[in-house]
Amino acid sequence: MAKVASPTITFILKNRPDRNGECPVQLLVRYNGRVERSTGIKVKPSQWSSDKQTVKRSHPRHSELNAALMSVRERISSAVARLMASGRPYTATQVVELSETPSVGLAMTVSGAYDLYVSDSSLRRSTRKAYECSKAKFMKFAGREIKLSDFDKKMLDRYVKWLYESGLCALSVNQYLRCTRAALAHACEVSGTQLDLTHLDKVLSKTPRAVKSRRQVLNEEQIKVLSDFVCQCSVPLITSRSTPYGRLAVWILDYFLCGLSPIDAALLRVSDLSITDNSLTVRGFRRKTGRPFFFSIPLTPVLRHLLSTFISTADRREGFLLPILRGGDIEKLCDLNNEGEVSLAVRKYCNGFSYHLSKAFDIVASWANCKRSFFPKSVSMYSARHSFASNFASKSDNLRALASAMGRQVSTLSTYIRELTDSDESLSEMSKVFGS
């Protein structure tokens with residue numbers, strides 16, 4: 001075969017469909033010979049663009065697969081550059097063999113490290129989603145692409161501090177850091193990049209896995225003041241989504257419903273409730289696990305008032321108890337079978353939650369003749385769940401009942417409650433690692 005000016009790197013779709021109708025994507029390198037390697041990617045012929053040599057947008061994982069193909073192309077290009085710098089003749093076989101060794105030394109970014117890890121790993125759908133969220137969080141923090149070599153101790157400390165200042169609980173922070181650790185370690189192994197991960201390991205070992213900052217948890221006295229205020233509000237104010245009163249009512253109701261997660265609260269219908277004179281029974285399915293939940297709780301005056309208020313206007317929400325899935329459009333209901341659309345609707349509703357609640361706290365503090373510092377500075381919708389758990393644990397040792405209501409494993413919840421009730425020690429540990 002005649003020698004060409006430079007190696008040719010091509011991705012081709014082989015005509016060997018499997019039982020699902022998907023064909024393998026092969027890497028073809030031509031330079032003083034011809035070498036063909038499997039990329040481990042399979043797509044249907046209708047989902048492959050032969051002109052652009054990329055996976056089309058019709059494939060549900062097109063971004064991940066294209067990132068994997070780009071990573072392969074970068075490894076080949078880096079190997080070619082090293083062989084050309086040596087000044088000696090080489091072949092396509094040497095190019096491919098060098099690209100497959102962990103000494104190529106790619107100038108990879110943190111974003112590329114995430115893409116590479118997700119594409120090379122057989123992750124469950126929920127785990128892959130966690131890595132995508134972790135990547136999005138880091139890119140929002142950085143605002144640009146960051147090379148692996150620039151991810152140093154100082155940047156890590158700033159990132160962790162930013163995560164906590166964003167109102168996240170320590171469980172979420174720990175999850176993001178574990179995803180970052182796995183992605184960076186895999187990128188270093190594949191590309192041969194030298195990166196010191198000891199400080200990240202130290203932060204992970206010191207981070208309490210599931211303790212909630214006290215500014216995100218309300219005690220019973222604070223909740224009583226908020227509940228008394230909500231009971232004084234009129235029905236239009238409580239059911240309005242664009243005012244602090246409506247968000248405050250949703251938060252209080254979620255707290256009294258055993259701290260349902262935002263996604264489970266969003267999908268709760270009036271038909272899921274059974275109301276008697278003394279108690280309320282709630283039935284439904286966990287969106288995350290698909291498992292059914294069932295619990296009964298005392299029908300307090302506050303809970304009775306809130307339920308009657310929302311039930312009276314449920315016909316405007318297609319029978320849903322809370323005005324979450326609608327977001328800002330009362331006329332448009334999202335497709336409940338589309339998990340991404342439901343998650344987006346809940347996320348849009350929760351994004352402005354801290355702002356509205358902060359305004360509500362100002363109003364309630366003035367109404368109750370107390371200082372604004374009596375309430376936390378910032379509270380998210382998810383903190384209703386943590387407030388319920390902490391207040392429950394302060395009164396009862398029955399973790400099985402609490403785990404059943406919250407949809408947790410008892411073993412996981414026992415660790416969560418133990419660290420939660422020992423918040424002073426946990427917060428002091430965080431201060432040592434991340435600074436005051």
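Residues numbered from 1 in each chain as written. Predicted model: local features only at pLDDT ≥ 70, side-chain atom pairs only at ≥ 80, totals over all residues. Heavy atoms only, no water.

1. Things to note about the overall build of the protein
Defined as follows: Numbering of helices and strands runs from the N terminus; a helix is a DSSP stretch of H or I covering at least four residues, while a strand is a stretch of E covering at least two. Residue burial is assigned from relative accessible area. The probe radius is 1.4 Å, only protein chains are included, and a residue is buried under 20% of its type maximum, exposed over 50%, and partly exposed in between. Contact definition: two residues touch when any of their heavy atoms are within 4.5 Å.
The helix and strand inventory of the protein stands at 18 helices and eight strands. Counting across all 436 residues of the protein, residues that qualify as buried make up 47%. Across the protein, every contact between residues at least 6 apart in sequence was considered, and the portion connecting residues at least 24 apart equals 60%.

2. Digging into the packing of helix α10 (residues 244–256) against helix α15 (residues 383–395)
The test is simple: Every axis in this analysis is a line fitted to C-alpha atoms, fitted for helices over the stretch in contact. Angles between the N-to-C directions lie between 0 and 180 degrees. Roughly parallel refers to an angle under 35 degrees, roughly antiparallel to one over 145, roughly perpendicular to one between 65 and 115, and oblique to any angle outside these ranges. Each crossing gets its handedness from the near helix: less than a right angle anticlockwise from the far helix is left-handed, clockwise is right-handed. Gly falls in the polar group here, along with every residue not listed as nonpolar (Ala, Val, Leu, Ile, Met, Phe, Trp, Tyr, Cys, Pro) or charged (Asp, Glu, Lys, Arg).
Direction vectors running N to C along α10 and α15 enclose 40°, while the axes themselves pass 8 Å from each other. By the criterion of interaxial angle, the relationship of α10 to α15 is oblique. By crossing handedness, the relation of α10 to α15 is classed as right-handed. Here α10 contributes W251, D254 and Y255 to the contact with α15, which in turn contributes S383, A384, S387, F388 and N391. Each residue belonging to the contact of α10 with α15 can be placed in one class, and the counts come to four nonpolar, three polar and one charged.

3. Things to note about the confidence of the model for the protein
Low-pLDDT stretches of the model should not have their predicted coordinates read in fine detail. Note the threshold: Note: pLDDT gives the predictor's confidence per residue, expressed from 0 to 100.
For the protein, the mean per-residue pLDDT works out to 79, and 84% of the residues sit at or above 70. Mean pLDDT values for the elements of the protein range from 39 in helix α18 (residues 423–434) up to 91 in helix α8 (residues 220–232). When the criterion is pLDDT under 50, residues 209–215 qualifies, and its contacts beyond four places in sequence or with other chains add up to 31 contacts. Ignoring residues within four places in sequence, the model shows residues 421–436, a span with pLDDT below 50, making 20 contacts including any to other chains.

4. Focus: the sheet that holds strand β6 (residues 273–275)
The following threshold applies: Strands are labelled as partners when DSSP assigns at least two bridges between them.
Across the sheet, which stays open at both edges, the three strands sit in the order β6-β7-β8 with antiparallel pairing between neighbours. Bordering the open sheet on either side are β6 and β8 (292–298), each of which pairs with just one other strand. When the angles between neighbouring strand axes are averaged without regard to direction, this sheet yields 15°. Bridge count between strand β7 (residues 279–285) and β8: seven bridges; the pairing is antiparallel. Note on β8: the bridge partner recorded for T281 is S296. Packing against the sheet, helix α12 (residues 301–312) makes contact with β6, β7 and β8, and its axis sits at approximately 125° to β6.

5. Considering the sheet that holds strand β2 (residues 23–30)
One key point about sheets: their strands pair by backbone hydrogen bonds, in either a parallel or an antiparallel sense. In space, the three strands of this open sheet follow the order β1-β2-β3, with antiparallel pairing throughout. For this open sheet the edge positions go to β1 (8–13) and β3 (34–43), each flanked by a neighbour on one side alone. Mean inter-strand twist for the sheet, computed between neighbouring axes without regard to direction, equals 20°. As paired elements, β1 and β2 share six bridges and run antiparallel to each other. Within the sheet, the bridge partner assigned to T10 lies in β2 and is L28. Its contacts with the sheet place helix α2 (residues 92–99) against β2 and β3, and it is angled at close to 45° to β3.

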